[in-house]
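# Commentary on secondary and tertiary structure
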Amino acid sequence: MSDTGSLLRTPLHDRHVAAGARLVPFAGYEMPVQYRSILEEHRAVRTAAGLFDLSHMGEIGVDGGEAVAFLRYALVSEPGALEPGQAQYSMLCDEDGGIIDDLICYHVDDAFLIVCNAANHDAVLAHLERLLAKGDFDATVEDRSDRTALVAPQGPASAAILATLTELPLEELGYYRALRGDVAGIDCLVARTGYTGEDGFELFCAARHAGRLWDELVEAGGERLIPAGLGARDTLRLEAGMPLYGNELGPDTNPFEANLGRVVKLDKGEFVGRAALARVQQAGPRRKLIGLVMRDNAIPRHGYPVLHDGATVGVVTSGTASPSLGERIAMAYVPAELAGVGNRFAVVVRDRPYEAEQVKLPFYKRQRQEQH
Amino acid sequence: MSHPGDLRYSKEHEWVRVDGGTATIGITSFAADELGDIVFIELPEVGSSLTQFAGFGVVESVKAVSDLFSPISGEVTEVNAALAEQPELLNSDAYGEGWIARVSLADSAELDALMDADAYEALTS
């Protein structure tokens, strides 16, 4: 057992302990990796609902008369296109086009909220403050991470469960949209976002109300909802083909090789990393992130070598036995010229090569319900 | 958690049940719980030789890969082929349907290096 003495705790720590969660160190926090079973939690999110504590994630407010101009300069996307109540997936890149973090930028009221990975929170904050000091923008950057809790009901039943606790018009709240309002009498920012490949919500509230919000959601969910940990979050996002910083993304990867070129708006004017990213786009990325399904009975894992015609050509960034598909799946970087759906590779598992075939990403796509 | 009294246990969380010259081996319920949902096992081959406390296979949970260490030396006479299709038996019935292999016992004196149920219980509680 590792020493958890110096780790931070989220406002929901006591709920996790009471629920019998297995707690592990993650990004400086003591976080639930599972409650009873990763597979059970994974299936709950695919078929009903799971409840995640994501309070470890970073929340950074960007405000001021030139907040939009500042974010257009800092992010690779075009936050100027965001209407109030709208969100976009984006990234911070360095001057070389390497990814500092991937994040979601929300336009809320007259300001912006950046939600970043917990492990990158300090780096993101320092980077934004450095850009702000250098660029002479009329904008402010405020770290709200400690006082903000983030609770995420995810899964096909999450909308019906949430609807019992709020008057907000959830049926009008589209994907990557956010609304402010009361949930169980608690002031929340309710966002229709997630990291599971299912319909779901992310609820931001004051840290001191997190326990009550959690309890109300568990109560309202009844048998349709169970708490879900980081283990299920990882298998869910991997099936949905969503990248994880530290695995698929990092300072040595650029958005184009990670299939995220659509996020980069090269024509919006000057921004950090623009020149380097324009060169990558022009030349095409040298390597590509691909999806692999194993044809042999072996589980690919992070760091395992990928072979093509017997030579090592790449590496697995994430891999698992997919609970929803019953297949062994992986994402991997390979040279761009070798990438193509149907192409054959091998993954080295315990010194032996096992056959794999490239498939289209994502591995899993939910059946969208008909709109009424 | 209670562990069957007729088995011997290793510090690496494997068990052995001796029946005449045959030993059946598996992982303990404690190990299975610690691993979480087991989704894969690499079984030893029939005819291969196991050495006490040496690696003989691998189990994988959703999140992690773990080596298996044999609690006893001997030649593998049978493996539990059902585990290839249903590795979850290791979680649900570690001391029964989740048995891993049967070996012809090489040296019964090796059993002295293993724990009884009470000692194992003390180790894991």
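Since we're looking at a predicted model, the values are computed, not measured. (Residues numbered from 1 in each chain as written. Chains lettered and ligands numbered in written order. Predicted model: local features only at pLDDT ≥ 70, side-chain atom pairs only at ≥ 80, totals over all residues. Heavy atoms only, no water.)

When its secondary structure is counted, chain B shows four helices and nine strands. When the elements of chain B are put in sequence order from the N terminus, they spell out β-β-β-α-β-β-β-β-β-α-α-β-α. The globule rule puts the C-alpha radius of gyration for 125 residues at 14 Å, and the 13 Å found for chain B is close to it. Seen through its C-alpha atoms, chain B measures out along the principal axes to roughly 35 × 35 × 20 Å. Taken over 125 residues, chain B has a buried fraction of 48%. Of the side-chain charges in chain B, 5 are positive and 23 negative, and the distance between the mean point of each set is 4 Å. (Helix = DSSP H or I, 4+ residues; strand = E, 2+ residues; numbered from the N terminus. Rg over C-alpha atoms; globule rule 2.2 N^0.38 Å. Buried < 20%, exposed > 50% of the residue type's maximum accessible area, 1.4 Å probe, protein only. Lys, Arg positive; Asp, Glu negative; His and termini not counted. Charge placed at Lys NZ, Arg CZ, Asp CG, Glu CD.)

Residue and element names in this part refer to chain A. Pairing in this closed barrel of six strands is antiparallel, and the strands run E14-E17-E16-E15-E18-E19 around the ring. With strand direction ignored, the average angle separating the axes of adjacent strands in the sheet is 45°. Summarising the sheet, strand E15 (residues 305-308) and strand E18 (residues 344-349) pair through two bridges and their orientation is antiparallel. Of the residues in E18, the one forming a bridge with Leu307 is Ala346. Contacts from helix H7 (residues 230-239) reach strand E16 (311-321) and strand E17 (328-335) within the one sheet, and its direction differs from that of E16 by about 125°. (Pairing = 2+ DSSP bridges. Axes fitted to C-alpha atoms, helices over the stretch in contact; angles between N-to-C directions. Contact = heavy atoms within 4.5 Å.)

The way to describe two aromatic rings as a pair is by their centre distance and the angle between their planes. Under the counting rule described, the total for this entry stands at seven aromatic pairs over all chains. Geometrically, the ring pair formed by Phe70(A) and Phe137(A) is edge-to-face, given 5.4 Å between the ring centres and 65° between the ring planes. Here Phe137(A) lies in the loop between helix H4 (121-135) and strand E8 (140-143) and Phe70(A) lies in helix H3 (residues 67-74), a separation of 67 residues in the sequence. Assessed through its relative accessible area of 0%, Phe70(A) is described here as buried. Here Tyr175(A) and Tyr176(A) contribute two aromatic rings whose centre-to-centre distance is 4.9 Å and whose plane-to-plane angle is 75°, an arrangement assigned as edge-to-face. With a relative accessible area of 14%, Tyr176(A) lands in the buried category. Ring pairs connect the aromatic residues Tyr9(B), Trp15(B), Tyr95(B) and Tyr120(B), which therefore count as one cluster. (Phe/Tyr/Trp six-rings, centres within 6.5 Å; stacked < 30°, edge-to-face > 60°.)

Okay, the packing of H3(A) against H4(A) next. Residues and elements named next belong to chain A. Interhelical geometry of H3 versus H4 gives an angle of 115° and a closest axis separation of 11 Å. You can see that H3 and H4 cross each other, and the crossing is right-handed. Here H3 contributes Phe70, Tyr73 and Ala74 to the contact with H4, which in turn contributes Leu128, Leu131 and Leu132. Residue composition of the contact of H3 with H4, by class: six nonpolar, no polar and no charged. (Left-handed = near helix turned anticlockwise from the far one by under 90°. Nonpolar A, V, L, I, M, F, W, Y, C, P; charged D, E, K, R; others polar.)

Turning our attention to the sheet that holds strand E4 (residues 38-42) of chain B. All names here are of chain B. An order of E4-E6-E7 is seen for the three strands of this open sheet, with the pairing classed as antiparallel. Each edge of the sheet is formed by a strand with only one pairing partner; in this case those strands are E4 and strand E7 (65-69). Adjacent strand axes in the sheet meet at a mean angle of 25°, parallel and antiparallel pairs treated alike. Looking at chain direction, strand E6 (residues 55-61) and E7 are connected through five bridges and run antiparallel. Of the residues in E7, the one forming a bridge with Gly57 is Leu68.

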